[in-house]
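Coordinates in review
The primary structure of each chain is shown beneath.
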Amino acid sequence: MKRIIALVLILCGGVAVSAAPQITSQELAPETPEYTLDNGVLQVKCIPAASGLITGFKYLPEQRQMIFPHKFTLVQDDLLPSRVSMRPCGMRELANRTKMEYFIGYRVKDARTTPAAAVLKLYSRAFYRHNMIADKTVTLPADSSKISVRMDLTSQVKTEPVIFWINALANLDTTRDTTLVPVQKNAAPRYKYSMNVFDTSGIYVDKFIIPQTLFAAPLKPWYGRISSQGKPGVLVLVVRGDAGKRLVEHGFICGWKSEIMPIHTTELRFAGPEMDKGDKWSFEYDYIYFAKLQQLRDVAGDYGIDLQGNTLHIASAVVAAPGTMKLTWDGGAAEVALPALKPGEVFKYELPAGAKNISGTMPGGEKFDIPVLLTEQCK
């Protein structure tokens, strides 16, 4: 059965008002600038000398800051280069088994704006203890509620596969966040870490203090968080392309919670390829904020998809042109006219009561499905 359904667009409050992208900087200490990227929707802060750490992530229409305030210290002595020290916070990439207090001192290659984006390009002669040149690019697209990070790595020697570790320490509220974890059931150990056991694959709603550290084989290449107080908004970390495939096939998700502090980490680990001298490999990931979604079932390109009862909720992190979304479910199908969407807007589509095994294709060809929510504590 094929149905053509008229669109219904729900414009929730707080729709983003964009501005031309811009970059500014301030000196935290001598030769230690903090850069601010701003597009009128997001304001993002980055400290190159601290591994390009994202130290601020504010959704401007609601003045919602999602990064713990950082305490910054510059360690200086007579014989060694200055180095940054700070308490754990923010978002960055590491190599597996790197100590959290260790940072790469990136140099700034370029900081520029165009009508399309604000772009900060960083450079380091090493990636932690690994002998590979690291070029890091942080991009804030115009009119968007996301930032993109690209790592371009060039090996200086023959190397074994490096296990990369993306660590995001953020908070949507004053209490410990609930995380949304796409998990595979009963996965074997990965990189010698044992995985937690789930009765079925789906989106695990991790609101529990036990297990204090969660290890899971990812069903999808993303990891989301929501407020434990029920306020709307989903912050999601998405790994793209080949790295996302590696994450799902061989990597794992890790989340650690503090019993006494409002901390709930979102961590993704995956291995790159074996590299000879001169070989290059890149990986990309996004931090996306969907301001008006309550939960998240999948990410399709720049769209976030949720299901509340029988109603699909569709949001976009960028200004999306109108198009046709194709849906299927057991015993039915539809082509749905999607309107143009801006960050902060939600499109709602009513499915038949009891529709199961829902999947779809967005106008750009990105595919999604609707995994079940797992709300019982895992083993």
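Anything mentioned here points back to the structure above.
Residues numbered from 1 in each chain as written. Predicted model: local features only at pLDDT ≥ 70, side-chain atom pairs only at ≥ 80, totals over all residues. Heavy atoms only, no water.

Attention now goes to the nonpolar core. Formed by 62 residues in total, the largest nonpolar core has its most connected members in Phe57, Met91, Phe127, Tyr204, Phe270, Phe283 and Tyr287. Not counting chain neighbours up to four residues away, the residues in contact with Phe270 comprise Val162, Ile163, Phe164, Ile166, Tyr191, Val239, Ala243, Arg246, Leu247, Gly251, Trp281 and Phe283. Among the nonpolar cores identified, the runner-up in size contains 22 residues, and Ile314, Val336, Phe347 and Phe368 belong to it. (Core = buried A, V, L, I, M, F, W, Y, C linked by side-chain atoms within 4.5 Å. Buried < 20%, exposed > 50% of the residue type's maximum accessible area, 1.4 Å probe, protein only. Contact = heavy atoms within 4.5 Å.)

Time to look at the packing of aromatic side chains. This structure, assessed with the given rule, holds 17 aromatic pairs. In textbook terms, an aromatic cluster arises when at least three aromatic residues are bridged by ring pairs, as seen for Tyr102, Phe127, Tyr128, Phe164, Phe270, Trp281, Phe283, Tyr285 and Tyr287. (Phe/Tyr/Trp six-rings, centres within 6.5 Å; stacked < 30°, edge-to-face > 60°.)

It is worth spelling out the environment of Lys379 at this point. Mapped onto the elements, Lys379 comes out in the segment after β32 (373-374). For the pair Lys379 and Pro211, spaced 168 residues apart in the sequence, the C-alpha separation amounts to 7.9 Å. The contact partners of Lys379, leaving out residues within four places of it in the chain, are Asn196, Val197 and Asp199. (Helix = DSSP H or I, 4+ residues; strand = E, 2+ residues; numbered from the N terminus.)

Here strand β10 (residues 90-95) lies mainly inside the structure; 6 of its 6 residues are buried. Side chains Gly90, Arg92 and Leu94 of β10 all project onto a buried face; the interleaved residues Met91, Glu93 and Ala95 project onto the opposite face, where all are buried too. Looking at chain direction, β10 and strand β15 (residues 163-169) are connected through 6 bridges and run antiparallel. The residue bridging Leu94 from the neighbouring strand is Trp165, located in β15. (Pairing = 2+ DSSP bridges.)

If you walk through the whole model with that rule in mind, you get 20 salt bridges. With its nearest N and O atoms 2.9 Å apart, the salt bridge here joins Glu62 to Lys292. Here Lys292 lies in the loop between β23 (280-290) and β24 (298-300) and Glu62 lies in the loop between β6 (53-59) and β7 (64-65), a separation of 230 residues in the sequence. Of the charged contacts in the structure, one is a salt bridge between Asp286 and Arg240, with a shortest N-O distance of 3.0 Å. One end of the pair, Asp286, is in strand β23; the other, Arg240, is in the loop between β20 (234-239) and α1 (241-250), and 46 residues separate them in sequence. Look at the salt bridges and you will find they share partners, linking Lys146, Arg240, Asp286 and Asp302 into a network. (Salt bridge = Lys/Arg side-chain N within 4 Å of Asp/Glu carboxyl O.)

Here the focus is the sheet that holds strand β17 (residues 202-206). In a beta sheet, neighbouring strands pair by backbone hydrogen bonds and run either parallel or antiparallel. Taking strand neighbours across the sheet as the criterion, the 10 strands line up as β11-β12-β13-β14-β23-β20-β19-β16-β17-β32 in an open arrangement whose pairing is mixed. Edge positions in the sheet fall to β11 (107-114) and β32, since each of these pairs with one other strand and no more.

Attention now goes to α1. Because each turn of an α-helix spans 3.6 residues, side chains separated by three or four positions in sequence point in the same direction. Residues of α1 that are buried: Ala243, Gly244, Leu247 and Val248. The arc that holds the buried residues of α1, viewed along the axis, is 135°, so those residues lie on one side. (Arc of directions from axis to C-beta.)

Now for the side chain of Glu34. Summarising the element assignment, Glu34 is placed in strand β4 (residues 32-38). For Glu34, which is buried and forms no salt bridge, the nearest opposite charge comes from Lys45, at a distance of 4.4 Å. Of note is the side chain of Glu34, whose polar atom sits 2.9 Å from the side chain of Thr55. (Lys, Arg positive; Asp, Glu negative; His and termini not counted. Polar contact = N/O pair within 3.5 Å; in protein donor to acceptor, adjacent residues only side chain to side chain.)

Within β15, 7 of the 7 residues are buried, which leaves it mostly tucked inside the rest of the structure. Of the pairings in the sheet, the one linking β15 to strand β22 (residues 266-271) comprises 6 bridges and is antiparallel in character. Across the sheet, Trp165 pairs through a bridge with Arg269, a residue of β22.

In this chain, Ile210 is followed by Pro211 through a cis amide linkage whose omega measures -5°. Mapped onto the elements of the fold, Pro211 is located in the loop between β17 and β18 (213-216). At Gln63, a position not held by glycine, the phi torsion is positive, near 50°. Within the fold, Gln63 resides in the loop between β6 and β7.

This brings us to the environment of Lys257. Along the chain, Lys257 falls in the loop between β21 (252-256) and β22. Classification of Lys257 by relative accessible area gives buried; the value is 0%. The spatial distance from the C-alpha of Lys257 to the C-alpha of Thr213 is 6.5 Å, given a sequence separation of 44 residues. If near-sequence neighbours (up to four positions away) are discounted, Lys257 is found in contact with Arg176, Asp206, Phe208, Ile209, Pro211, Gln212, Ile263 and His264. Within the structure, Lys257 has its side chain in polar contact with the side chain of Asp206 (distance 3.1 Å).

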